[in-house]
Amino acid sequence: MYRTKTCGELRFSNVGEEVTLAGWVQHARKMGGMTFVDLRDRYGITQLVFNAETDADLCEKSNHLGREYVIQVTGLVSERSAKNAKIPTGDIEIIVKSMNILNTSDVPPFTIEDESDGGDDIRMKYRYLDLRRNPVRRNLELRHKFAFEVRRYLDQQGFLEIETPILVNSTPEGARDFVVPSRMNPGQFYALPQSPQTLKQLCMVAGIDRYFQICKCFRDEDLRADRQPEFTQIDCEMSFVEQEDILQMFEGMSRHLFKQILNIDIPTLPRMTWADAMKNYGSDKPDTRFGMAFVELKNNQPDNASREIVESIFPEGFTVFDEAAYIGGICCEGQAVYTRKQIDQLTDFVKRPQIGAKGLVYARVAEDGSVKSSVDKFYSQEVLQQVAQKMNAKAGDLILILSGADAMKVRKQLCELRLEMGSRMGLRPKDKFSCLWVIDFPMYEWSDEEQRLMAMHHPFTSPKPEDIPLLDTDPASVRANAYDMVVNGVEVGGGSIRIHDAKLQQKIFEILGFTPEQAQLKFGFLMNAFKFGAPPHGGLAYGLDRFVSLFAGLDSIRDCIAFPKNNSGRDVMLDAPGYLDQSQLDELNLVVDVKE
């Protein structure tokens, strides 16, 4: 046997036992006639002691151990004189009797410790070394436990785990597909699934009733902290259900996960309509760990988020506000102490190209109740007092206001400002969780690029029954029977009640601009299946990577994935993607023209 114990399990109760351990050398340090070695494996660290007085040759051999050498030792568990309270094995050490060097190691390119000196690029290139570090390993252990608890909960609820194909057909209405050429069908391609959407609906037609799958999905889209070209999805579907059934089922799963993994009892999830989320927070995934909801000071541009006209609280005189269609603000409690330099930093923040505001108006409420503002010369104290009252601002508060010609665009800018202030004010701690359902999404959104209505979720989402008549008269105002779960401002999952009627599905395709022939070509298999008794059904999918990263308090999903891609979609460890030999290209009937 290579080992009888791991490096993380020995305790004071094991003193006097002879054990065999195996692992990697974390540190080796010589002190007089003794050498101390920290031996590490996945389970922890144990201190080894080599004593020149009892075995000079063995002690001399230990002096030549380098970092990350793989060794096997046999020795006696002894009480440690200088105990280390920072590690679970800190009460004991191993007096080594014999050692076998199983493998040597080159000097690692970075220190394999909790606080590594390796940057992202070098750690990704040597990811197999990075995975030896405790923080990364703990993320993978958390991910394992998370997936295990998902399976346990869904199994108890009668779900069947069913695998669906990875090589599928390419479909429109979504991100770009990754495609795979077919050698046996020249000129034809498979696509890797963006999700198993149509396949899980076919499982419902097949009478499976309750399906789930923890599956890989693929999307060829621009990357950011919460995106990878391949990601893992908890995909679920149920038959004979309405929206309420699904929300209750998966709220239960979320409650189970929080309790079993973090030992947190989450309350009943509140529900917020998409319109309220956009009106009050400028986002369909609002961070509700803190308040600071928007206050509309002017809105003469009714839309799906707010159909009410709000007359301007400001008299004419300030051109920026006079010409704006929308003026909105947030009240930052206790932040009137902000200096002009800090205000200028906020102004620069909202004027960044990715946010796009043209400027920022502020007002401080002084201790005596007076209001000092950057637009003092345009408005009287009486008007500014009305603004403070409208904003529910009190002495010591800071008011921040944005405006513009497009109400939705300004809301999104105000959203970024709200999140920035929430972070600055310490209102977004990673160990505090606020969960909610966002419901009643619009069925469609307008695409300037395509110059047509696009499905906000996907073309299989059912409209709310009471809005179906609007499909003929005002499709842009139709609400979808759709829902998202949001945790701390992150969409961790979403889904909808599906269309199970072939005629209604055909109508949706028409609104999206598909001819009957195009719809039949792309989705004929699904529409034909609906003709054979499709049950009412619905479901949702969670992003496992996102959910786990929230539980781990990570800023990027990359840190809870064993072998992730970088921001350019490359695997720098495997050096993928790469070029194919010409013989492979010929076999696949592909001609590659690489332009410099």
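Just so it is clear, the model here is predicted, and its values are computed rather than measured. (Residues numbered from 1 in each chain as written. Predicted model: local features only at pLDDT ≥ 70, side-chain atom pairs only at ≥ 80, totals over all residues. Heavy atoms only, no water.)

Structural notes on unusual backbone geometry
Glycine aside, a negative phi is what most residues show, and trans is what most peptide bonds show.
Line of reasoning, step 1. For the bond running from A576 to P577, omega is 0°, close enough to zero to count as cis.
Line of reasoning, step 2. The backbone phi angle of N488 is positive, close to 55°, even though this residue is not glycine.

A short note on a nonpolar patch on the surface
Line of reasoning, step 1. Side chains of I166, L167 and Y190 sit close together on the surface and give an oily, nonpolar patch of about 250 Å² of accessible area.
Line of reasoning, step 2. Position of I166 relative to the elements: it lies in the loop between strand 6 (160–161) and strand 7 (179–181).
Line of reasoning, step 3. Using a relative accessible area of 39% as the deciding quantity, one classes I166 as partly exposed. (Patch = residues over 30% accessible without salt bridge, like charges linked within 9 Å, V, L, I, M, F, W, Y side chains within 5 Å. Areas by Shrake-Rupley, 256 points an atom, 1.4 Å probe, with all protein chains shown as cover. Salt bridge = Lys/Arg side-chain N within 4 Å of Asp/Glu carboxyl O. Helix = DSSP H or I, 4+ residues; strand = E, 2+ residues; numbered from the N terminus. Buried < 20%, exposed > 50% of the residue type's maximum accessible area, 1.4 Å probe, protein only.)

Here we look at the pattern of salt bridges
Line of reasoning, step 1. In total, this model carries 43 salt bridges according to the counting rule given.
Line of reasoning, step 2. Between E68 and R132 there is a salt bridge, with its nearest N and O atoms 2.7 Å apart. Of this pair, E68 sits in the loop between helix 1 (56–62) and strand 4 (70–79) while R132 sits in the loop between helix 3 (127–130) and helix 4 (134–156); the two residues are 64 residues apart in sequence, bridging distant segments of the chain.
Line of reasoning, step 3. Judged by relative accessible area, which is 3%, E68 ranks as buried.
Line of reasoning, step 4. In this structure R132 comes out as partly exposed when scored by relative accessible area, which is 24%.
Line of reasoning, step 5. Note that E420 and R424 form a salt bridge whose closest N and O atoms lie 3.0 Å from each other. Here the residue E420 and the residue R424 both occupy positions in helix 11 (residues 407–424), the gap between them amounting to 4 residues, near one helical turn.
Line of reasoning, step 6. R424 sits in the partly exposed class, given a relative accessible area of 34%.

Examining the layout of surface pockets
Line of reasoning, step 1. Each pocket or cavity is described by its volume, and for the second largest pocket that value is around 740 Å³.
Line of reasoning, step 2. Lining the second largest pocket are 23 residues, and of these F178, V179, A576, P577 and G578 sit closest to its centre.
Line of reasoning, step 3. In terms of residues, the lining of the second largest pocket owes the most to one element, strand 7, which gives 3 residues.
Line of reasoning, step 4. Counted by class, the lining of the second largest pocket contains 16 nonpolar, 2 polar and 5 charged residues. (1 Å grid on protein atoms, 1.4 Å probe; cavity = no way out; pocket = protein on both sides within 12 Å on 5 of 7 lines; lining within 4 Å. Points joined across faces, edges and corners; volume = space filled by probe spheres on them. Nonpolar A, V, L, I, M, F, W, Y, C, P; charged D, E, K, R; others polar.)

Here's the deal with the sheet that holds strand 6
Whether parallel or antiparallel, the strands of a sheet pair through hydrogen bonds between backbone atoms.
Line of reasoning, step 1. The strand order across the open sheet built from 8 strands is 6-9-10-22-21-20-17-11, with neighbouring strands paired in mixed fashion. Whereas interior strands pair on both sides, the edge strands pair on one side only; in this sheet they are strand 6 and strand 11 (271–273).
Line of reasoning, step 2. Judged from the 5 bridges that link them, strand 21 (residues 490–497) and strand 22 (residues 537–543) form a sheet pairing that is antiparallel. From the neighbouring strand, G495 faces strand 22, where its bridge partner is L540. (Pairing = 2+ DSSP bridges.)

Here's the deal with the environment of M408
Line of reasoning, step 1. Note on placement: M408 falls in helix 11.
Line of reasoning, step 2. Residues M408 and A305, spaced 103 residues apart in sequence, show a C-alpha to C-alpha distance of 8.1 Å.
Line of reasoning, step 3. Non-local contacts of M408, meaning those with residues more than four positions away in its chain, are made with W274, M278, Q301, D303 and A305. (Contact = heavy atoms within 4.5 Å.)

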